[in-house]
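# Analysis of the macromolecular model
Next come the chains, spelled out residue by residue.
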Amino acid sequence: MDNLSTWSQRAQKLLPLLPQHTQTQLQGHRIVLDPTLWIEWIGEKSLENLSFSSSWSQGAQVLFLALKEILRGKPLESAKNLSLREIESFLRDRNSEPALPSESFEDLALHWPRIQGQLTSISSSSQSAGAYEFSAGKVFAALSLSEKIQELKAFFSSEMLLGLRRSGGRVELLDVQEFDVFIALDSGSVPESALLDWLQLKLSETYREPSLNLIPESFS
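Because the structure is a prediction, the values reported are computed rather than measured.

On to the overall build of the protein, then. Counting secondary structure elements, the protein contains seven helices and six strands. With 220 residues in all, the protein has 45% of them scored as buried.

What follows is the structure, given as structure tokens:
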């Protein structure tokens, strides 16, 4: 339990709204920082709701509640230039007095840049994702290298992988050599082995080529 004596009244009033258990059912775009720390942005074009793990410190959870009020109805990319200090200022009783001691949300400060980056990525993916279909008149093996790259990039950015992006995952094409497809992979909250099996199957089905082989690497 955090020491609340130096918290603003506005911040303390939010404490009864903190989650009492860890929600596991995926409802929106989940950003997973580790197995216990995550936040979930609900809404496609604008924020409808924000949920988060109860494993965050109380200070971080209160800031998430403030963030939900600040960004409700606004697009995801609105968060990319929003600093934690601006969120904290929203909870101040007086402009000259911090609403929370900085040590109460050190866990969030550590992960905030990554959260902002993933929100920007989710926003871009949601805007650009569309249906993808490989032309029946094409044969994957007969494509040039540039054509293979173009087709695979379209596949990985399509709505077919929206579920993965909503769970905090991402895929980036790195290279193609004959039938070997090299990717950078972050499986988010999805088990990596199950995701790879599914991706391998969808890739082979989409391109009608059973020899296609996915070779994953971690994002650096």
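Having put the structure on the table, let's press on.
Looking now at the nonpolar core. Grouped together as the largest cluster of nonpolar side chains are 36 residues, with contacts concentrated most on Trp56, Ile87, Leu108 and Ile115. At nine residues, helix α2 (residues 58-71) tops the list of elements feeding residues into this core. Sequence-distant contacts of Ile115, that is, excluding residues within four places in its chain, are made with Ile31, Leu33, Ile39, Trp56 and Leu108. One finds Leu143, Leu152, Ile183 and Leu199 within the second-largest nonpolar core, a separate group that totals 22 residues.

For Ser218, the position within the fold is in the segment after β6 (213-217). Residues Ser218 and Val171, spaced 47 residues apart in sequence, show a C-alpha to C-alpha distance of 9.7 Å.

This brings us to the environment of Ile31. In this structure, Ile31 sits in strand β1 (residues 29-32). The exposure class of Ile31 is buried, given its relative accessible area of 0%. Sequence separation of Ile31 and Gly188 is 157 residues, and the distance between their C-alpha atoms is 7.2 Å.

Let us now look at the packing of helix α5 (residues 145-156) against helix α7 (residues 192-207). Direction vectors running N to C along α5 and α7 enclose 130°, while the axes themselves pass 12 Å from each other. Judged by the angle between their axes, α5 and α7 are oblique. With respect to the hand of their crossing, α5 and α7 are arranged in right-handed fashion. Judged by residue contacts, Glu151, Leu152, Phe155 and Phe156 of α5 engage Leu199, Lys202, Leu203, Thr206 and Tyr207 from α7.

Once that is clear, we can look at the pairing of β6. The pairing of strand β5 (residues 180-186) with β6 spans five bridges and is parallel. Considered in β6, the bridge of Val181 is made with Leu214.

Inspection of every chain in the model, using the stated rule, returns eight aromatic pairs. Residues Phe140 and Tyr207 carry aromatic rings whose centres are separated by 5.2 Å and whose planes lie at 55° to one another, so their mutual orientation is tilted. With a gap of 67 residues between them, Phe140 in the loop between α4 (106-128) and α5 and Tyr207 in helix α7 connect regions that are remote in the sequence. In terms of burial, Phe140 and Tyr207 fall into one category: buried. With a centroid separation of 6.0 Å and an interplanar angle of 55°, the aromatic rings of Phe155 and Tyr207 are classed as tilted. Here Phe155, found in helix α5, pairs with Tyr207, found in helix α7; they are 52 residues apart in sequence, far enough to count as distant. Residue Phe155 shares its accessibility class with Tyr207, and that shared class is buried. Clustering of aromatic rings is evident, with ring pairs tying together Tyr132, Phe134, Phe140, Phe155, Phe156 and Tyr207. The lysine or arginine in question, Arg10, covers the ring of Phe90, its NZ or CZ lying 5.1 Å from the ring centre.

So, how was this worked out
Residues numbered from 1 in each chain as written. Predicted model: local features only at pLDDT ≥ 70, side-chain atom pairs only at ≥ 80, totals over all residues. Heavy atoms only, no water. Helix = DSSP H or I, 4+ residues; strand = E, 2+ residues; numbered from the N terminus. Buried < 20%, exposed > 50% of the residue type's maximum accessible area, 1.4 Å probe, protein only. Core = buried A, V, L, I, M, F, W, Y, C linked by side-chain atoms within 4.5 Å. Contact = heavy atoms within 4.5 Å. Axes fitted to C-alpha atoms, helices over the stretch in contact; angles between N-to-C directions. Parallel < 35°, antiparallel > 145°, perpendicular 65-115°, else oblique. Left-handed = near helix turned anticlockwise from the far one by under 90°. Pairing = 2+ DSSP bridges. Phe/Tyr/Trp six-rings, centres within 6.5 Å; stacked < 30°, edge-to-face > 60°. Lys NZ or Arg CZ within 6 Å of the ring centre and 35° of its normal.

Interpretation note: all reported values are geometric properties and have no functional meaning in isolation.
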